[in-house]
Amino acid sequence: MALADCDRVSEIRIRGWQHAYRGLLPQSYLDGLGIEADAERRRARFAQGDGSVVNLVAEQEGKVLGWAAYGPYRDAEVRTRDAELYALYADPAHLGAGVGRALLAEAVERCSPYPRMYLWVLRGNAPARRFYERAGFRPDGAEEPFEAGGVLVPEVRYVRDLPGRPGITSPPSAAG
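First, a word on what this report is: a plain description of the structure on this page. Just so we're clear, the structure is a prediction, and the values are computed from it rather than from any experiment.

Here we come to the overall build of the protein. Tallying secondary structure elements over the protein gives five helices and six strands in all. Over its C-alpha trace the protein gives a radius of gyration of 16 Å, about what one expects of a compact globule, namely 16 Å for 176 residues. Overall, the C-alpha framework of the protein stretches about 45 × 35 × 30 Å when taken along its three principal axes. The buried share among the 176 residues of the protein stands at 43%.

Spelled out as structure tokens, the structure:
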């Protein structure tokens, strides 16, 4: 991902939330999400990043169709020896076209030195849960609420074992 991709990534992320979380999050919350504000925050984070978060984009004919971000697993604010998929979104117009599968496969491959990869998914998001389960992830029993628009929505933690190599404590360096 390049800094110039931030606007498109924000568009994909916001449209993805509005599509995937309809009926799971308050509609007023989803309607209030703004692409421009998200892009501004994303540009600032991108410019100030320390390299621990890797952003990937999937492109076709020069157009960004999806985005994923991964890095060290965060147990509260403590980073562990495991990896975490922080985000994975495909343009809703391209769902089912393999964009998400390609991004997930690339993130898993790049994190293969780690023992495990974690991710969080809304408990009620059955399509996403099936997607991750088909990719070898399984719920591990951990749940935490996510606050959206004053409503607590439960998230479920998923995990997948990776080949892992002892001593790896930071993500592999890779241009994303």
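Before going further, it helps to spend a moment on the packing of helix α1 (residues 6-20) against helix α3 (residues 35-48). α3 packs onto α1 with a crossing angle of 125° between their chain directions and a minimal axis gap of 8 Å. On the basis of the axis angle, α1 is oblique to α3. Where α1 crosses over α3, the two elements pack in a sense that is right-handed. Where α1 abuts α3, its residues Cys6, Asp7, Val9, Ser10, Glu11, Arg13, Ile14 and Arg15 lie against Ile35, Asp38, Ala39, Arg42, Arg43 and Phe46.

Turning next to helix α4 (residues 99-110). Under the 1.5 Å per step criterion, the end-to-end length of α4 is 17 Å for twelve residues, consistent within 8% with the ideal 16 Å. Every buried residue of α4 is accounted for by Val99, Gly100, Leu103, Leu104, Ala107 and Val108. For α4, the arc enclosing every buried residue in end-on projection is 155°, short of the 170-degree limit, so these residues lie on one face. Exposed residues pointing more than 90 degrees away from the buried face of α4 are listed as Arg101 and Glu109.

Side chains of residues three or four places apart in an α-helix project in the same direction, reflecting 3.6 residues per turn. Taking 1.5 Å of rise per residue, the 15 residues of α1 would be expected to cover 21 Å, and the 20 Å separating its terminal C-alpha atoms lies within 8% of that figure. Taken as a whole, α1 has its buried residues at Cys6, Arg8, Val9, Ser10, Ile12, Arg13, Ile14, Gly16, Trp17 and Gln18.

Before going further, it helps to examine the packing of aromatic side chains. A complete count under the given rule lists seven aromatic pairs for this structure. Taking 6.1 Å as the distance between ring centres and 10° as the angle between the ring planes, the aromatic pair formed by Trp67 and Tyr89 counts as stacked. In this pair, Trp67 is assigned in strand β2 (residues 63-75) and Tyr89 in strand β3 (residues 78-90), connecting sequence segments 22 residues apart. Taken as a pair, Trp67 and Tyr89 share a single burial class, namely buried. Seen in terms of ring centroids, Phe131 and Tyr132 are 5.1 Å apart; in terms of plane orientation they differ by 75°. Their pairing is edge-to-face. For the pair Phe131 and Tyr132, one class covers both residues: buried.

Thresholds, definitions, all that
Residues numbered from 1 in each chain as written. Predicted model: local features only at pLDDT ≥ 70, side-chain atom pairs only at ≥ 80, totals over all residues. Heavy atoms only, no water. Helix = DSSP H or I, 4+ residues; strand = E, 2+ residues; numbered from the N terminus. Rg over C-alpha atoms; globule rule 2.2 N^0.38 Å. Buried < 20%, exposed > 50% of the residue type's maximum accessible area, 1.4 Å probe, protein only. Axes fitted to C-alpha atoms, helices over the stretch in contact; angles between N-to-C directions. Parallel < 35°, antiparallel > 145°, perpendicular 65-115°, else oblique. Left-handed = near helix turned anticlockwise from the far one by under 90°. Contact = heavy atoms within 4.5 Å. Expected span 1.5 Å × (residues − 1). Arc of directions from axis to C-beta. Phe/Tyr/Trp six-rings, centres within 6.5 Å; stacked < 30°, edge-to-face > 60°.

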